[in-house]
Amino acid sequence: MSATDPTASAPSRGTRTIAVVLAGGSGRRIGLATPKQLLKIAGKAILEHTLALFDQAPGVDEILVMMNPGFVSDAEEIVKKAGLTTAVQVLPGGTSRNATTQLALDALHAHPGESTNVLFHDAVRPLLSQRIIADCITALETHAAVDVAIPSADTIIEVDAEDLITDVPKRSRLRRGQTPQAFRLAAIREAYRNAWEDPGFEATDDCTVVLRYLPGTPIHVVEGDGHNMKVTEPVDIFIADKLFQLAAAAAPALTEADRTERLTGATVVVFGGSHGIGAAVADFAQRHGARVFRYSRGTTRTDVADPDQVAAALAQAHAATGRIDHVVNTAGVLEIGRLDAADPAAIERNLRVNYLAPVSIARAAFPYLAQTRGQLLLYTSSSYTRGRAEYSLYSSAKAATVNLTQALADEWAADGVRINCINPERTATPMRTRAFGDEPAGTLLSAEKVARTSVDVLLSVLTGQVVDVRREDPTDPAALAAAAAGEEIR
């Protein structure tokens, strides 16, 4: 082995980071003729979801796709249609994981080893977070090799050839490996050079190659994420699809000065703006310099269930200011009762206000938002994940609103129009009080907190996201204790 120590010097300021997407799988394990990275989840090929993650990562400069050789043209077509802004090259992969990594290293032969980072990521891990990507790149500032892993929630046993337990390792020291696995190019190059000199060389991942063939090189571990799953078995396709539906983004943290700078002179239209969350959003935006137009049945006699009245409201706001930057719809109806006992008129009212109104608002708002590259903000409820007894129409409409948000984000992407959905925890609003009566003080989220997050989302680059707003961190011990005690979040 070479005596060169790739960890001896840190990468220079001119370091470039290349994401290598390993897409050489065949799909045989899940019984398909098509490679699993080309299967569709949440409306897109898994590979496209994964490429989008690295395209959105500010620290990634290039993307290299190592594709199953028989499907290179399919991958090239996905790249062509995806509208990615990061440079992408598609090359055929090898017959094994190690061979594919070597082909990627060969393709990067002209890149300087000490000023190039490489992130090797499984194409079939389409739920990778931006936090993990950023943490890997940061870790490479001080380490030559980085792995991603999460603690094992299960006890791991070691067995012999006859399936008899021979050892039970201490779980606290065990981790479940994920990707990306990140390296300074010099380190992974040398590890592979050494590995190919071993006639018995075989490894299932690249950190193992460094561990065995570049001894003495520390491999730093970055904390992974349970959602960063690998689509391997047939059931994984359904799990990943559901996770895409339920994935919640975090709102950016803006300062008061940021909000004022970005909202001053902007036109914001709020439907349902006379009380509750809608009034709080309107007040908050107005305090930060926006020109706000509030529409509701109570104050302007605007019925969001009537497409003509929605169109007229938007036309009025546009005529007054010459632009519409953001449209917010908080209007909703929540009526408690069994569906089989519901009045037909009440059923129609629920559907028209809770679902058809967002559809009408989206259709009418789009031309204005396309002019300003603005955003439509809708609202769902935690009940969208599973319908609640005695308000089935409300919860099912909220599930449809999430689906509408995700679909329109794709439809509108080329036009620069964003759409997101706020998912507030139980919130103190007049609508909730009418439905559930008075509830203990301190158990409900304030409309003002929802408004603050709503405005921050409006001012973000997010699109197609469900953004949770919670009274407290669900990982906080007190919150976990409340959940264990069976408190329901509606």
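Residues numbered from 1 in each chain as written. Predicted model: local features only at pLDDT ≥ 70, side-chain atom pairs only at ≥ 80, totals over all residues. Heavy atoms only, no water.

> Looking at this model, I keep getting lost on the overall build of the protein chain. Mind explaining?
The helix and strand inventory of the protein chain stands at 15 helices and 18 strands. For the protein chain, long-range pairs separated by at least 24 residues make up 74% of all intrachain contacts whose partners lie at least 6 apart in sequence. Total accessible area computed for the protein chain in this model is approximately 23,400 Å², and 52% of it derives from carbon and sulfur atoms. (Helix = DSSP H or I, 4+ residues; strand = E, 2+ residues; numbered from the N terminus. Contact = heavy atoms within 4.5 Å. Areas by Shrake-Rupley, 256 points an atom, 1.4 Å probe, with all protein chains shown as cover.)

> Help me understand the pairing of strand β16 (residues 375-379) in this model?
The side chains of a regular strand alternate between the sheet's two faces. Among the 5 residues in β16, 5 count as buried, and that is most of the element. Since strand β15 (residues 326-329) and β16 lie parallel, the crossover through helix α11 (residues 344-372) that links them has a hand, and here it is right-handed. Strand direction decides the pairing type here: β16 and strand β17 (residues 418-424), joined by 5 bridges, are parallel. Each bridged residue has a counterpart across the sheet, and for L377 the counterpart in β17 is N420. Remark: the β16/helix α12 (residues 392-412)/β17 crossover connection has right-handed handedness. (Buried < 20%, exposed > 50% of the residue type's maximum accessible area, 1.4 Å probe, protein only. Right-handed = clockwise from strand over helix to strand, strands pointing away. Pairing = 2+ DSSP bridges.)

> It is not clear to me how helix α6 (residues 206-213) should be interpreted in this structure. Could you clarify?
Note: α-helices contain 3.6 residues per turn, so residues at a spacing of three or four share the same orientation. Of all 8 residues in α6, 6 are buried, a share of seventy percent or more. Among the residues of α6, those classed as buried are D206, C207, T208, V209, V210 and Y213. For α6, the elements touching its buried residues are α3 (97-107), β6 (116-122), β7 (145-151), β10 (175-184), α5 (185-195) and β11 (219-223). N-cap assignment for α6: the residue whose side-chain oxygen lies 3.3 Å from the backbone N of C207 is D205. (Polar contact = N/O pair within 3.5 Å; in protein donor to acceptor, adjacent residues only side chain to side chain.)

> It is not clear to me how empty space enclosed by the protein should be interpreted in this structure. Could you clarify?
Rolled over the atoms, a probe with the dimensions of a water molecule shows which regions are left empty. Scanning the entire structure with this criterion turns up 2 cavities of 30 Å³ or more. Reported here for the largest cavity is a volume of approximately 50 Å³. The wall of the largest cavity is formed by N329, A331, V353, N354, P358, L378, Y379, K398 and T401. Elements that contribute at least two residues to the lining of the largest cavity include exactly α11, β16 and α12. With 3 residues, the single largest contributor to the lining of the largest cavity is α11. Of the residues assigned to the lining of the largest cavity, the class counts are 5 nonpolar, 3 polar and 1 charged. (1 Å grid on protein atoms, 1.4 Å probe; cavity = no way out; pocket = protein on both sides within 12 Å on 5 of 7 lines; lining within 4 Å. Points joined across faces, edges and corners; volume = space filled by probe spheres on them. Nonpolar A, V, L, I, M, F, W, Y, C, P; charged D, E, K, R; others polar.)

> How should the nonpolar core be read in this particular structure?
Grouped burial of nonpolar side chains is what soluble globular proteins tend to show. Residues V269, F271, L314, I324, V327 and L376 are the most contacted members of the largest nonpolar core, which totals 34 residues. Looking at this core, the elements that each hand over two or more residues are β13 (267-271), β14 (291-295), α10 (307-321), α11, β16, α12 and β17. Take this core: its biggest share by element is 8 residues, from α11. In this structure, L376 is in contact with V327, I361, A362, L369, W412, R418, I419 and N420, ignoring residues within four places of it in sequence. Of all hydrophobic cores here, the second largest spans 32 residues; its members include L53, V60, I63 and V79. (Core = buried A, V, L, I, M, F, W, Y, C linked by side-chain atoms within 4.5 Å.)

> I keep staring at unusual backbone geometry and nothing clicks. Help me out?
The phi angle of most residues is negative, glycine excepted, and most peptide bonds adopt the trans form. Backbone torsion omega between T179 and P180 reads 15 degrees, so that peptide bond is classified as cis. Along the polypeptide, P180 turns up in strand β10. Within the chain, D163 stands out as a residue other than glycine whose phi angle is a positive 60 degrees. Relative to the assigned elements, D163 resides in the loop between β8 (158-159) and β9 (165-167).

> What's the story with the packing of aromatic side chains in this structure? I'm lost.
Aromatic rings in a pair are described by how distant their centres are and how their planes are angled relative to each other. Applying the stated criterion across every chain yields a total of 8 aromatic pairs. When the centroid spacing of 4.8 Å and the interplanar angle of 90 degrees are considered together, the rings of W196 and F201 count as edge-to-face. A relative accessible area of 44% places W196 in the partly exposed class. The exposure class of F201 is buried, given its relative accessible area of 12%. Each ring, one from F366 and one from W412, has its centre 5.2 Å from the other, and the planes form 40 degrees; the classification is tilted. In this pair, F366 is assigned in helix α11 and W412 in helix α12, connecting sequence segments 46 residues apart. These aromatic residues form a ring-pair network of at least three members: Y192, W196, F201 and Y213. (Phe/Tyr/Trp six-rings, centres within 6.5 Å; stacked < 30°, edge-to-face > 60°.)

> Any chance you could explain a nonpolar patch on the surface here in plain terms?
A surface patch of nonpolar side chains, amounting to about 340 Å² of accessible area, comprises I157, V159, I165 and V168. Relative to the assigned elements, I165 resides in strand β9. Judged by relative accessible area, which is 52%, I165 ranks as exposed. (Patch = residues over 30% accessible without salt bridge, like charges linked within 9 Å, V, L, I, M, F, W, Y side chains within 5 Å. Salt bridge = Lys/Arg side-chain N within 4 Å of Asp/Glu carboxyl O.)

> I'm lost on the sheet that holds strand β1 (residues 16-23) in this one. Help?
Backbone hydrogen bonds are what pair the strands of a sheet, in a parallel or an antiparallel way. With mixed pairing, the 7 strands of this open sheet are ordered in space as β5-β4-β1-β6-β10-β7-β11. Lying at the two open borders of the sheet, with one neighbouring strand each, are β5 (87-92) and β11. Going from strand to strand, the sheet's axes swing by 25 degrees on average, the running direction of each strand aside. Inspection of the sheet shows β7 paired to β10 by 6 bridges, in the antiparallel sense. Bridging from a neighbouring strand, I150 pairs with R176 of β10. The strands touched by α6 within the sheet are β6, β7, β10 and β11, with β10 carrying the most contacts at an inclination of about 75 degrees. (Axes fitted to C-alpha atoms, helices over the stretch in contact; angles between N-to-C directions.)

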